[in-house]
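Each chain, letter by letter, is given below.
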Amino acid sequence: MANIVIIGSQWGDEGKGKIVDLLTAEADVVVRYQGGANAGHTVVIGSHQYILHLMPSGILHPGKKCVIGNGVVIDPATLLEEMDGLESRGIGLGDSLMISKNAHVIMPWHKALDGAAEARRSGGSKIGTTGRGIGPCYAEKMERSGIRISDLVNPELLRAKVDQNVAEVNFLLARIYEMDGFDANQVFEEYAAYGKRLAPFAGDASLYLHTAKQAGKNILFEGAQGTMLDIDHGTYPFVTSSSSTAGGACTGAGFGPTHIDGVLGIVKAYTTRVGAGPFPTELLDKTGDLLQSRGREVGATTGRRRRCGWFDAVVVRYAARVNGLTGLCLTKLDVLDECEKIMICNAYKYKGEILREMPNEPHVFAACEPIYEVVPGWMAQTLGKTSMHDLPQAAQDYVKRLQDDIGVPFAMVSTGPDRDETIINFNPFSWQREVI
Ligand code: GDP
Ligand code: IMO
Ligand code: MG
């Protein structure tokens, strides 16, 4: 039995969906614990591609339980659309889904406020949010007036909360943003219908997980976003509004830290970021374009082009520290197949000073210049390889080099989007390690 947390070690989109799907073969329960439909997790199985926003990426394995924890902010319309989309593709949900009654609900005004706040921010201070209402929903939760799933599925409670919140939000929209408000009756009718459909899935997720643990089940916690987008540990204010580091799994699922057996960080063989904010190793040249096109780096949620750059070992060492990583999974190695030389950033230069650790101050990080070390590329195909020994020597050296720089072993190396295009060095569930 093992309970493993999967997190993004950079700025999101590291390939968490692929790895969660792969590891679900050995898990009994898969849990989303933070974020919302700002996430876009891609799973590729043969010629079929699935992009999951709220549904845990274990849903494609029949018979596994998928749990949406209390820390997630749920847009019911998006969730129902996702559920219907899966059913229409022959993925029956049956009783495989449980939604925490304590999870908060994204209401229409959260999306309106997300857009309005972004529109008011001037040039350099725009965050480039996904527009999914994430920040305003978490703000309302922290302010203690949010609407939870337990309210959504209870028409009486929902009515009272909608009336109260619409009055507040209409005042805010009119006075600050000069925008039209919402009609409480209309919102209630729409959301009560969502509540009716979701009611059979609502439950005590923390208790369910506790019982599963007691029964010796393997639980996989699926993080969304990535360490550098974490509200506390990321590049604030260019972050999301939840705890996307490993600790978020405990608070976002109601699961004790003493029951977590390992934390697996997913990391791309280069770096990407979507949205605004500092990114020291960003490449604004032909190499950046090459990574973008070979890696098909387009946002799975918003369709925006992802910014691309070289591997930043300072960022990933930081991720290893704040998440307590016990293993790493390197993804998209194949994207580098056409690079003659590859750069690795191991330190920054800031006003003539060498920094080897992530600076706390955002303005310092924004002014950091990467110090690169150059390693040879392999100029050969790694796509689809399933053994370290089949990789060209320079690719093996690159993987070993990153492992040494970060100081955490690679449990897996992914060489393509498909489930099968993966090198497994050791199984994170059994933690039986073969030295690579
Ligand atoms: P997530 O948000 O971390 O789940 O990642 P996304 O799904 O947003 O983005 C990762 C993208 O890379 C998806 O299109 C995956 O299908 C794809 N992908 C994952 N692993 C690999 C890999 O090893 N090689 C290649 N070429 N693509 C990969
Ligand atoms: P997955 O789970 C990459 C980014 C947005 C924006 C910032 C804040 O697929 O890795 P938000 O809508 O959350 O308030 O936006 O965070 N962002 C992501 N970037 N992958 C994600 O999720 C992201 N979720 C949010 O682009 O910069
Ligand atoms: Mg994504």
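Higher on the page you've got the structure.
Residues numbered from 1 in each chain as written. Chains lettered and ligands numbered in written order. Predicted model: local features only at pLDDT ≥ 70, side-chain atom pairs only at ≥ 80, totals over all residues. Heavy atoms only, no water.

J.: I'd like to hear about the coordination of the magnesium ion (ligand 3), residue by residue, with values.
T.: Ligation of the magnesium ion (ligand 3) by protein atoms is provided by D13 (OD) and G40 (O), these donors lying 2.1 to 2.2 Å from the ion. Of this pair, D13 sits in the loop between β1 (3-8) and α1 (16-24) while G40 sits in the loop between β2 (29-32) and β3 (41-45), and the two are 27 residues apart along the sequence. (Donors = N, O, S within 2.8 Å, 3.2 Å for Na, K, Ca; no water. Helix = DSSP H or I, 4+ residues; strand = E, 2+ residues; numbered from the N terminus.)

J.: Explain the nonpolar core to me, and be specific about the residues and the numbers.
T.: Core analysis: the largest hydrophobic core is formed by 52 residues, its most contacted members being F221, L333 and Y398. In terms of residues, this core owes the most to one element, helix α13 (residues 393-406), which gives five residues. Those residues within four positions of Y398 in sequence are excluded, and the remaining contacts are A269, F311, L333, L336, I342, I344, V375 and W378. One finds L54, I68, I74 and A202 within the second-largest nonpolar core, a separate group that totals 41 residues. (Core = buried A, V, L, I, M, F, W, Y, C linked by side-chain atoms within 4.5 Å. Buried < 20%, exposed > 50% of the residue type's maximum accessible area, 1.4 Å probe, protein only. Contact = heavy atoms within 4.5 Å.)

J.: Explain the site of ligand 2 to me, using residue names and the numbers behind them.
T.: Around ligand 2, the surrounding shell holds 20 residues, and the nearest of these are D13, K16, H41, T130 and T240. The contact in question runs from an oxygen atom of ligand 2 to an N or O atom on the backbone of G128, over 3.5 Å. At a separation of 2.9 Å, an oxygen atom of ligand 2 approaches a polar side-chain atom of R304. Taking 550 Å² as the accessible area of ligand 2 by itself, protein coverage stands at 98%. Cavity membership is defined here by more than half of the atoms lying within 2 Å of grid points; on that basis ligand 2 lies in the largest pocket. Its residues placed into classes, the shell around ligand 2 shows seven nonpolar, 10 polar and three charged. Residues from two domains meet in the shell around ligand 2; each of domain 1 (3-92 + 204-433) and domain 2 (104-201) gives at least three. (Near = heavy atom within 4 Å. Polar contact = N/O pair within 3.5 Å; in protein donor to acceptor, adjacent residues only side chain to side chain. Areas by Shrake-Rupley, 256 points an atom, 1.4 Å probe, with all protein chains shown as cover. 1 Å grid on protein atoms, 1.4 Å probe; cavity = no way out; pocket = protein on both sides within 12 Å on 5 of 7 lines; lining within 4 Å. Sits in = over half its atoms within 2 Å of the grid points. Nonpolar A, V, L, I, M, F, W, Y, C, P; charged D, E, K, R; others polar. Domains from an automatic or database assignment.)

J.: Kindly report on the environment of R197, identifying the contributing residues and their values.
T.: The residue R197 is located in helix α7 (residues 184-198) in this model. What makes R197 partly exposed here is its relative accessible area of 43%. The spacing of R197 and V263 is 66 residues in sequence and 35 Å in space, taken between C-alpha atoms. Those residues within four positions of R197 in sequence are excluded, and the remaining contacts are L80 and D84.

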